[in-house]
Amino acid sequence: EWWEAEEGPRYEVACVLRAPEEVVPAFREAWSRVGESAVVAGGGGLWRCHLHTDAPGEALEVAAGFGRPEDVRVTDLVLHVAEAWDLPSERPEEGRATAAVAVATGDGVRRLFRSLGAEVVTGVGAPVPTAEELLEAVRSAGAEAAVLLTADPAARAAAEEAARRSPVPVRVVACRGLAEQLAALRAYDPDGPPEEVARAMAEAAAGVRSGWLAPVGEGDGRGWEAVTAEGARAEAPTAMEAAGELLRMLVAGPGGIATILEGEGASPGTTRRIVELLSRRWPGLGIQVLHGGQPRRAYVVGVE
């Protein structure tokens, strides 16, 4: 077919699954086998599910085998439209008690954040939106209140100005990076009051240890830098050596989940070797690999 030249699966599937907690490990494994960028997060019998796949029907059959899928959305990533399945559009539903508005860059990051219920703002011609752009996103959400989720000091200043000017209550959750934003959105409850929603999202973000890998230098002197959100740094001649340094700084114990967001400069071979390194050194650690597409940082890593 004509779309087969595109990179990655064609469809994005998102839903809320009603299922008991004891079936989730088996469901997560089965869900991951149907595609890539698999996310299953939540609790209390409600699980937000996300997947990129070429077989959306099979993905929904898998979900139905473990529980009851609701709020199903299938988005054609080539045509960029929601189609089939008699589904709603990608815009989060109006009438929510509290909207989530996230500042983010990267095509995969934006899709992932939207699948978790957020309005996403990037800014016109720049990664940092203005207060007016954030205000417009709050108005467009049509909710009674909103939480603004940032990962940049400049965006935080714009968000705080937007909160002061907003006609509806707005809380700002300032995160240190993409990994913290993702954890916060997994804790997002659109039906909760803004104070409680913001508190839960901030607590989820605070539970993440994060950092990133980025290439530095040019030509024969090109190397890699590992940086944590706390500011610790290490340089190495290769991506894998830098990854080893970063993981050593982030992984504190045998359990938990590591989320890897691939950005500009990532490669399938390096990603595979990073996953193998994690699996070998910390066999009890769960691993998720997601396409982020974020600029300047080849890999963003969060450990919860």
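Residues numbered from 1 in each chain as written. Predicted model: local features only at pLDDT ≥ 70, side-chain atom pairs only at ≥ 80, totals over all residues. Heavy atoms only, no water.

## Examining the packing of helix 8 (residues 239-250) against helix 9 (residues 268-281)
Packing of helix 8 against helix 9 leaves a shortest axis separation of 10 Å and a crossing angle of 40°. For the element pair helix 8 / helix 9, the angle class is oblique. Relative to helix 9, helix 8 is oriented so that their crossing is right-handed. Contact with helix 8, carried on its side by Ala239, Met240, Ala243, Gly244 and Leu247, involves Thr270, Arg273, Ile274, Leu277, Leu278 and Arg281 of helix 9 and no other residues of that element. (Axes fitted to C-alpha atoms, helices over the stretch in contact; angles between N-to-C directions. Helix = DSSP H or I, 4+ residues; strand = E, 2+ residues; numbered from the N terminus. Parallel < 35°, antiparallel > 145°, perpendicular 65-115°, else oblique. Left-handed = near helix turned anticlockwise from the far one by under 90°. Contact = heavy atoms within 4.5 Å.)

## Quick notes on the sheet that holds strand 15 (residues 299-303)
Reading across the sheet, the 6 strands line up as 12-11-10-15-13-14 and stay open at both edges, with mixed pairing between neighbours. Because the sheet does not close on itself, it has two edges, and the strands there are strand 12 (233-236) and strand 14 (286-291). The average angle at which neighbouring strand axes cross in this sheet is 15°, direction not considered. Here strand 10 (residues 209-216) pairs with strand 11 (residues 223-228) via 6 bridges, running antiparallel. Each residue of the ladder has a partner; that of Ala214, found in strand 11, is Glu225. Sitting on the sheet, helix 3 (residues 107-115) touches strand 13 (257-262) and strand 14, and the angle it makes with strand 14 is about 115°. (Pairing = 2+ DSSP bridges.)

## A word on the pattern of salt bridges
Inspection of every chain in the model, using the stated rule, returns 15 salt bridges. One salt bridge connects Arg18 with Glu70, and the closest N-O pair in it is separated by 2.8 Å. Taken as a pair, Arg18 in strand 1 (residues 11-18) and Glu70 in strand 4 (residues 68-76) lie far apart in primary sequence, 52 residues in all. For Arg18, a relative accessible area of 37% puts it in the partly exposed group. Judged by its relative accessible area of 22%, Glu70 falls in the partly exposed class. The closest approach of N and O atoms between Arg176 and Glu180, which form a salt bridge, is 3.6 Å. When its relative accessible area of 39% is taken as the criterion, Arg176 is described as partly exposed. (Salt bridge = Lys/Arg side-chain N within 4 Å of Asp/Glu carboxyl O. Buried < 20%, exposed > 50% of the residue type's maximum accessible area, 1.4 Å probe, protein only.)

## A short note on the confidence of the model for the protein chain
Confidence in the prediction of the protein chain, expressed as mean pLDDT, is 83, and 88% of residues score 70 or more. Taken element by element, the protein chain is modelled with least confidence in strand 5 (residues 81-82), mean pLDDT 36, and with most confidence in strand 9 (residues 170-174), mean pLDDT 96. In this model residues 1-6 is a low-confidence stretch, pLDDT under 50, and it forms 6 contacts with partners more than four residues away in sequence or in other chains. In the model, residues 79-92 has pLDDT below 50 throughout and makes 31 contacts with residues more than four positions away in sequence or in other chains. (pLDDT = per-residue confidence, 0-100.)

## Quick word on unusual backbone geometry
You will see that Ser37, though not glycine, has its phi angle at about 55°, which is positive. Assignment of secondary structure puts Ser37 in strand 2 (residues 36-43). A positive phi is found at Arg296, a non-glycine position, where the angle reads about 70°.

## What to know about the nonpolar core
By size, the foremost hydrophobic cluster in this structure holds 33 residues, and its most contacted members are Phe113, Leu149, Leu185 and Met201. Going through the elements one at a time, strand 2, strand 6 (98-103), helix 3, strand 7 (118-121), strand 8 (145-150), helix 6 (178-186), helix 7 (194-206) and strand 10 are the ones with two or more residues in this core. Leave out the neighbours within four places in its chain, and Met201 touches Val147, Leu149, Val173, Ala184, Leu185, Ala187 and Tyr188. Leu247, Ile260, Leu278 and Val303 belong to the second largest nonpolar core, which has 22 residues in total. (Core = buried A, V, L, I, M, F, W, Y, C linked by side-chain atoms within 4.5 Å.)

## Concerning the packing of helix 6 against helix 7
Between helix 6 and helix 7, the least distance of the axes is 7 Å, while the angle of their chain directions is 135°. One way to sum up the angle between helix 6 and helix 7 is to call them oblique. Of the two elements, helix 6 crosses helix 7, and the hand of that crossing is right-handed. Where helix 6 approaches helix 7, its residues Glu180, Ala183, Ala184 and Leu185 are matched on the opposing element by Met201, Ala204 and Ala205.

## Brief notes about the pairing of strand 3 (residues 46-53)
Most of strand 3 sits out of view: 6 of its 8 residues are buried. Two elements, strand 1 and strand 3, share 8 bridges in a ladder whose sense is antiparallel. Looking across to strand 3, one finds that Arg18 is bridged to Leu46. In terms of strand pairing, strand 2 meets strand 3 through 6 bridges, oriented antiparallel. Bridge pairing in strand 3 places Glu36 opposite His52. Connecting the antiparallel pair strand 2 and strand 3 is a turn made up of 2 residues, with Gly44 showing a positive phi of about 65°.

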